[in-house]
Amino acid sequence: MSVRLLAAGDHFVLNRLLVDAVRAEIPDGLEIRQLTLPWPVEPFGPVAEVHEASGTEDELIEALRGVRICVTQMAPITRKVLEAALDLELVCISRGGPVNVNLEAATERGVAVCSAPGRNAAATAEHTVAMILAAIRRITSTHQDLLRGTWRGDYYRYDSVGPELGGSTVGLVGFGAIGSRVARILHAFGARVLVHDPYVTADQVNGIAELTSLDDLLLRSRIVSLHARVTPETTGIIGAAQLAAMPAGSVIVNCARGALLDYDAVCDALDAGHLFGAAFDVFPEEPIPVGSRLLSTPNIVLTPHLAGASKETAANAARIVAGEVGRYLRREPLRYCANP
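These numbers come from a predicted model, not from an experiment.

S.K.: Break down the pairing of strand β2 (residues 30-36) for me, citing the residues and quoting the values.
M.R.: Of the strand pairs in this sheet, strand β1 (residues 3-9) and β2 are connected by seven bridges, and their pairing is parallel. Residue pairing for β2: L5 is matched across the bridge by I32. Taken together, β1, helix α1 (residues 15-25) and β2 form a β-α-β motif whose crossover is right-handed.

S.K.: An account of the sheet that holds strand β8 (residues 169-173) is requested, with residue identities and associated values reported.
M.R.: Read across the open sheet, the seven strands follow the order β10-β9-β8-β11-β12-β13-β14; overall the sheet is parallel. At either end of the open sheet lies a strand with only one pairing partner, and these are β10 (210-211) and β14 (300-302). The sheet contact formed by strand β13 (residues 275-280) and β14 spans three bridges and is parallel. The partner of A278 across the bridge, within β14, is I300. With respect to the sheet, helix α11 (residues 263-271) is in contact with β12 (250-254), β13 and β14, its orientation differing from that of β13 by roughly 145 degrees.

S.K.: Report on the nonpolar core, specifying residues and quantitative values.
M.R.: Counting 51 residues, the largest nonpolar core has L6, L64, V71 and L88 as its most contacted members. At seven residues, the largest contribution of residues to this core is made by helix α12 (residues 311-329). With 29 residues, the next largest nonpolar core counts L217, V224, L243 and L261 among its residues.

Procedures and definitions
- Residues numbered from 1 in each chain as written.
- Predicted model: local features only at pLDDT ≥ 70, side-chain atom pairs only at ≥ 80, totals over all residues.
- Heavy atoms only, no water.
- Pairing = 2+ DSSP bridges.
- Helix = DSSP H or I, 4+ residues; strand = E, 2+ residues; numbered from the N terminus.
- Right-handed = clockwise from strand over helix to strand, strands pointing away.
- Contact = heavy atoms within 4.5 Å.
- Axes fitted to C-alpha atoms, helices over the stretch in contact; angles between N-to-C directions.
- Core = buried A, V, L, I, M, F, W, Y, C linked by side-chain atoms within 4.5 Å.
- Buried < 20%, exposed > 50% of the residue type's maximum accessible area, 1.4 Å probe, protein only.

In structure tokens:
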């Protein structure tokens, strides 16, 4: 008897990537049903009690009838969905964490939930370094000036130019899959790298970075980049006081999560001339609301939450969750289970 699986892909982690990866892992014995969710053509958002989800509960409930395994990136796995999906045993979320799953409800119903940590580590690390370079070399603002017909030779004045990355001290708040890659890239540039991460030991950063306290990192770093997960301890970890502690002419970068940073405080520091620049891929509200100070404050580089957007990320995501499906069906321990 075949196992029924739902591939609920979207326009980034495509169904064909999910299906091909699952078939490569389990060639026979699967009946695969497909559902295409609208993200990113339509922005993700909250659905009932879960976050960063795409699609509706009702369409997912219909697609999950008789399904034992669901692989998806954005489907809303809510309590209502779980209570209706009577045959569901395993949900594999092809992203770093299962934020679109009601983990408590899944656990109550005996549904295992897996994710795909590290899927976008290389892409996000590369994007972070690109954002640092764009901010310190004013790449986006001078590009826009040229498109408007303005040749900004005045940016060559000593007081207007930024630092080189080589030789600068860069502080990384977080040293996980992404932060550690950023550290290695920066080390290759010749930067001095400081790291604050309470879950990391000095031995783990030895050779590429120096482990230190957050206060010391802020005092010494010309560039600070955030790579922490959002927890009660890290929410708002960088606010007005922390920005004021950074050296004058510094740069703040956030490609992690908007909740880590006080964006109004950043705008204040830029307006006051204390910060040289800032670069953000994530925001407290997405899309950015019309009238946000982020859209009018100078010297900010903005990208629309696409640091992890690479073809390799999508393929990695499909491969990692397919591996979990294979382990589950072979009765092997799951590698990335959120509710073991």
